[in-house]
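Coordinate inspection notes
Each chain, letter by letter, is given below.
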Amino acid sequence: MVAAVGYRVGPGTGASASGRGLLRRRRRRWVRRTAFGVTALLVVAGGIGWAVYAKLSGNITPDEAAAAELARYDRERPTSLVKDARNILLIGSDSREGSGNARYGRDSGTERSDTTILLHLSAGRDSATAVSIPRDLMVNLPGCRRPDGSRSAPRFAMFNQAFQLGGSACTIRTVEKLTDIRVDHHVVVDFHGFKEMVDAVDGVEVCLRQPIDDRAAKLRLPAGRVTLNGEQALGYVRARKTLGDGSDTERMERQQRFLGALVNKARSNDVLLNPAKLYPVLDAATSSLTTDPELASLRGLYALVRGLRDIPMEQVQFLTVPRESYAYDANRDQLVEPAAKRLFERLRTDTPVVVEGNGPRDGSYGDSYPGPFRDPTVTVSPPPTFRGNTAAEDTCE
C-alpha cells in the first residue's frame, strides 16, 4: 500500500508513459548515442589524420648512407658552437632519375649538385641566412665513398663534383672543411620535386625587368610581374647563358630572389590557413625530399621549422659566398679573402650578417671607416656588409 502510494504521489513524476522518468531515460539514451557518435567521429578523424601523417612522413626518404658515412668521420667534423642555432645544407640535385626528371636530359649515371645553399637559423629563430655556394668554386675535396663502395682520393676540383663522387655526405664534408661550420641537417630535392612545390602554391610571382625568350630553358615571358608555374620556375632558376650576363653568380642571385618570393607565398595566410591548399604543398614538399634520418618525418621537420613562422621577412636573407674568378681559369671561381672567412665566422658564432642589394660582390667594404664627429685618425670596425637581398624586397621597385 505504501508502495502503491509511493507510485501515485505526484502524478506524472514516476514511471508513467508521460512522466519525468521517461524523459530521463530518453536523455540518457541520447547522451549515450551522442557520445558514441562523437567517439566514432574522433576515431575516423584520428584514423584519417594518422593516415595523412603516415603518408606525408612516408614520402620523405631518409639518407641512411650519408648518416653512416658522416658518423665514420665524426671526430674530424667541426663542433657546433652555439646551442639551438642550426645549419642546414640544401642541395638541388640535377639527377635525371625518377618520375618526371628524364625529360631534362639523358641520365648518364652521374649526379651533381645543381644548387647548394647553406641555411643558417639563429638560435633565437629571429633570422635566417641562406648562403649560396657556387658550383664552379674550386675547393679541396676529401676522399669520399663512391656509390659502388670504392673510395676516391682527395683532390682539388670544382665544388659540385663532391656530390657526383660521394653524394650528400661528400658534399657536407666538403662544406665543413671549407667553412669550419658544422652541418646539422641536410635536404636534397630534385627537379620534379621543385616543380611540384611551386605548382602546389599556385605559382610564384617574380618581376622581370626584360622579356625572356630562351629556347634552351623553354621560357618565353613578358617583362613586368609574372606568375611562374612549376615548369617555368625550373627554367627560370636554371637558365644561365641567355639571361643577364650569363654568369653563374647572376643565376644564383636569381635563384635567391625566387626563393624569397616562394617563402613569401608559402607563408601567406592563403596557403598556411587553408587545409585544401596546405596538404598539396606538404605532399609535394615531402615527396621531393631526401633528408638526414632525424628530419625524415613530419615531426622532425616540424620541430625544425616551427619557430620560422615568426621571423620577419626582412630577416630572411640571401647572399652568395664572396667569390671571384679563379686565377688560373676565368670559368671557375675562388673565394675572396678575408671576406669569406669573416662571413663563415659570423655564421659559426651565430653573429648577425648584414646584406645590401647594392653592396660589393666580394663583401669587402665595411672593414673600417672614420666615425661621425670623431677624430679622423681613429677608426671603428662596423660589421662587414655582403651583397645580397631579403625575402621582403620587391624586385619591381
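Attention in this report is confined to the structure presented alongside it. Model, not experiment: these values are computed from the prediction.

Looking only at helix 6 (residues 230–238), the buried set comprises Gly-230, Ala-233, Leu-234, Gly-235, Tyr-236 and Val-237. Its buried side turned inward, helix 6 meets helix 5 (191–200), strand 8 (204–208), strand 9 (212–214), strand 10 (219–221), strand 11 (224–228) and helix 7 (248–267). If you check the start of helix 6, you find a side-chain oxygen 3.2 Å away from the backbone N of Glu-231, and it comes from Asn-229.

Glancing now at the state of the cysteines. Disulfide: a covalent bond formed between the sulfur atoms of two cysteine residues. If you walk through the whole model with that rule in mind, you get one disulfide. Put simply, Cys-144 and Cys-170 are joined by a disulfide, and their sulfur atoms are 2.1 Å apart. Between Cys-144 and Cys-170 the sulfur-sulfur dihedral comes to about 70°; the bridge is accordingly right-handed. Of this pair, Cys-144 sits in the loop between strand 5 (138–141) and strand 6 (155–158) while Cys-170 sits in helix 4 (residues 161–179), and the two are 26 residues apart along the sequence. Residue Cys-170 is classed as buried on the basis of its relative accessible area, which comes to 1%.

Tallied over the full model, the rule gives two cavities of 30 Å³ or more. In this structure, the largest cavity occupies an estimated 110 Å³ of space. If you go around the largest cavity, you meet 13 residues; those closest to its centre are Ser-80, Leu-81, Val-82, Asn-87 and Arg-348. Considered class by class, the residues forming the lining of the largest cavity number five nonpolar, four polar and four charged. For the second largest cavity, the full set of lining residues is Asp-114, Thr-115, Thr-116, Ser-132, Ile-133, Arg-135, Asp-248, Arg-251, Met-252 and Gln-255.

Counting across every chain of the model gives four aromatic pairs. Residues Tyr-236 and Phe-258 carry aromatic rings whose centres are separated by 6.4 Å and whose planes lie at 55° to one another, so their mutual orientation is tilted. Of the two residues, Tyr-236 is situated in helix 6 and Phe-258 in helix 7; the sequence distance between them amounts to 22 residues. Residue Tyr-236 is classed as buried on the basis of its relative accessible area, which comes to 6%. Between Tyr-326 and Tyr-328, the ring centres sit 5.5 Å apart and the planes meet at 70°, which makes this aromatic pair edge-to-face. On the basis of relative accessible area, Tyr-326 is assigned to the buried category, the value being 17%. Members of the aromatic cluster, joined through ring pairs, are Phe-156, Tyr-326 and Tyr-328. Stacked on the ring of Tyr-73, the Lys or Arg Arg-173 has its end atom at 3.6 Å from the ring centre. Above the ring of Tyr-236, the side-chain terminus of Arg-254 is found at 5.7 Å from the ring centroid.

Thresholds, definitions, all that
- Residues numbered from 1 in each chain as written.
- Predicted model: local features only at pLDDT ≥ 70, side-chain atom pairs only at ≥ 80, totals over all residues.
- Heavy atoms only, no water.
- Buried < 20%, exposed > 50% of the residue type's maximum accessible area, 1.4 Å probe, protein only.
- Helix = DSSP H or I, 4+ residues; strand = E, 2+ residues; numbered from the N terminus.
- Contact = heavy atoms within 4.5 Å.
- Polar contact = N/O pair within 3.5 Å; in protein donor to acceptor, adjacent residues only side chain to side chain.
- Disulfide = S-S within 2.5 Å.
- 1 Å grid on protein atoms, 1.4 Å probe; cavity = no way out; pocket = protein on both sides within 12 Å on 5 of 7 lines; lining within 4 Å.
- Points joined across faces, edges and corners; volume = space filled by probe spheres on them.
- Nonpolar A, V, L, I, M, F, W, Y, C, P; charged D, E, K, R; others polar.
- Phe/Tyr/Trp six-rings, centres within 6.5 Å; stacked < 30°, edge-to-face > 60°.
- Lys NZ or Arg CZ within 6 Å of the ring centre and 35° of its normal.

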